[in-house]
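# A closer look at the structure
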Amino acid sequence: MYEGGYLMNFKIPSLLTGILIGAVLTSGGYAVAVSSVTAIPTWQPIYVDGQQVEMEAYNIGGHNYVKLRDAGKQVGFNVFWQDGVQVDTTSPYTGVAPAGISISSYKGNTLAAGGRSGLIIGNAGDDFTVISSSTSVITVERVSGNWVAVAHSPGTATVTVTGVDGRQGRLTLTVAGTGQETTGSSESTDLSPNMDIREEMISRINRVRRENGAAELEVNQSLMDAAQICSAQMFRKHDSRFECETAMACGYPHGFGSNLTVFTIPRDQTVAEKAVTNWVNSSGHFQAMIDASCDTLGVGVTIQNGIAYCYMFAGNPNSHHPYG
């Protein structure tokens, strides 16, 4: 960076003085065609805090230079391109622009008046604010660590998430009149069908747990609702993101074990018996069913055209899912 090849760990504004930024940020080239100025590779040793490091260096007009991105790697600040050269002295080196904050609504961008929807917020870090542009239309509240949008009256509002570094994400929500729910939302899903089958399933699951030395699971209404919504999708394989976001939107903030089985309704068994038997006979499903770290339970059953779609969620209060 400076004469003699030593790069010290001092404040960045001083570090940048004298760097030929235009030359060092070009990708791959060793020569810079500016009048008669030529960058020649040099192999002088370079040290950071007394330790020799491997860095490409150049001699330009009798002075030594290194690439700004290489200096960022060694000293510990980020250098990236975003509408120009950006130097972020508060973040470690990645070489890429930080991801923007993402925000979406579990139930889509249109809610019915009186409805609620979990907000899915990403890349915001641990400390951020969430506000609504019109609290008469939409308010936001935090429930068990998760943000929820609450629809009040017809209109449009923008929900803005702001990180401590100033980055923002925005989501525009429209509130329709009472009862005008968005097609396919969980608000239009009947959460109470097949309760006799679901109650038998709960009994059989807890019986299996007792027989294998695990405590019985307490029924959790949020997990019951989430499992029923998932079964209503008639999935034939797991959709982990949908399952996790559904549980969160229904008010369950922790991680959980998830079992799914799909089958033609049998003649010689009840639906609940067949579902639990299928899970017992599958090692992975069986372990999820008897997991001692779980303490709550929710099940869902949808029957369509003679096919049963059965879900089991076993809540684990000491874990969290990847989409929370």
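Relevant structure appears above.
Residues numbered from 1 in each chain as written. Predicted model: local features only at pLDDT ≥ 70, side-chain atom pairs only at ≥ 80, totals over all residues. Heavy atoms only, no water.

Once that is clear, we can look at the pattern of salt bridges. Summed over the entire model, instances satisfying the criterion amount to seven salt bridges. The residue Arg-116 makes a salt bridge to Glu-141 at a minimum N-O spacing of 2.6 Å. One end of the pair, Arg-116, is in strand S11 (residues 116–122); the other, Glu-141, is in strand S13 (residues 138–143), with 25 residues separating them in the sequence. Across the pair Arg-204 and Glu-200 runs a salt bridge whose closest N-O atoms are separated by 2.9 Å. (Salt bridge = Lys/Arg side-chain N within 4 Å of Asp/Glu carboxyl O. Helix = DSSP H or I, 4+ residues; strand = E, 2+ residues; numbered from the N terminus.)

Once that is clear, we can look at the packing of aromatic side chains. Counted according to the given criterion, the structure contains three aromatic pairs. Here Phe-235 and Phe-242 contribute two aromatic rings whose centre-to-centre distance is 5.4 Å and whose plane-to-plane angle is 85°, an arrangement assigned as edge-to-face. With a centroid separation of 4.6 Å and an interplanar angle of 40°, the aromatic rings of Phe-256 and Phe-313 are classed as tilted. Pair noted here: Phe-256 is in strand S18 (residues 255–264) and Phe-313 is in strand S20 (residues 307–316), with a separation of 57 residues, a long-range link. The exposure class assigned to Phe-313 is buried, which follows from its relative accessible area of 0%. The rings of Phe-256, Tyr-311 and Phe-313 are connected pair by pair, giving a single aromatic cluster. (Phe/Tyr/Trp six-rings, centres within 6.5 Å; stacked < 30°, edge-to-face > 60°. Buried < 20%, exposed > 50% of the residue type's maximum accessible area, 1.4 Å probe, protein only.)

Right, let's talk about the sheet that holds strand S2 (residues 39–42) for a bit. What the three strands build is an open sheet, ordered S2-S5-S6; its pairing is antiparallel. Because the sheet does not close on itself, it has two edges, and the strands there are S2 and strand S6 (63–66). With strand direction ignored, the average angle separating the axes of adjacent strands in the sheet is 40°. Note that strand S5 (residues 57–60) and S6 share four bridges and pair antiparallel. From the neighbouring strand, Asn-59 faces S6, where its bridge partner is Asn-64. (Pairing = 2+ DSSP bridges. Axes fitted to C-alpha atoms, helices over the stretch in contact; angles between N-to-C directions.)

A separate point is the nonpolar core. As a rule of thumb, soluble globular proteins bury nonpolar side chains together. Membership of the largest hydrophobic core comes to 24 residues, with the highest contact counts inside it found for Met-201, Ile-205, Trp-279, Met-289, Val-299, Cys-310 and Met-312. Those elements that place two or more of their residues in this core are helix H4 (195–211), helix H7 (271–280), helix H8 (283–289), strand S19 (296–304) and S20. Counting 21 residues, the second-largest nonpolar core is a separate cluster that includes Ile-101, Phe-128, Val-137 and Leu-173. (Core = buried A, V, L, I, M, F, W, Y, C linked by side-chain atoms within 4.5 Å.)

Our focus in this paragraph is the pairing of S11. Along any regular strand, the residues point their side chains to alternate faces of the sheet. With respect to burial, S11 is a largely interior element, six of its seven residues being buried. Pairing of S11 with strand S14 (residues 146–151), which is carried by three bridges, proceeds in the antiparallel orientation. Within S14, the residue paired with Arg-116 across the bridge is Val-150.

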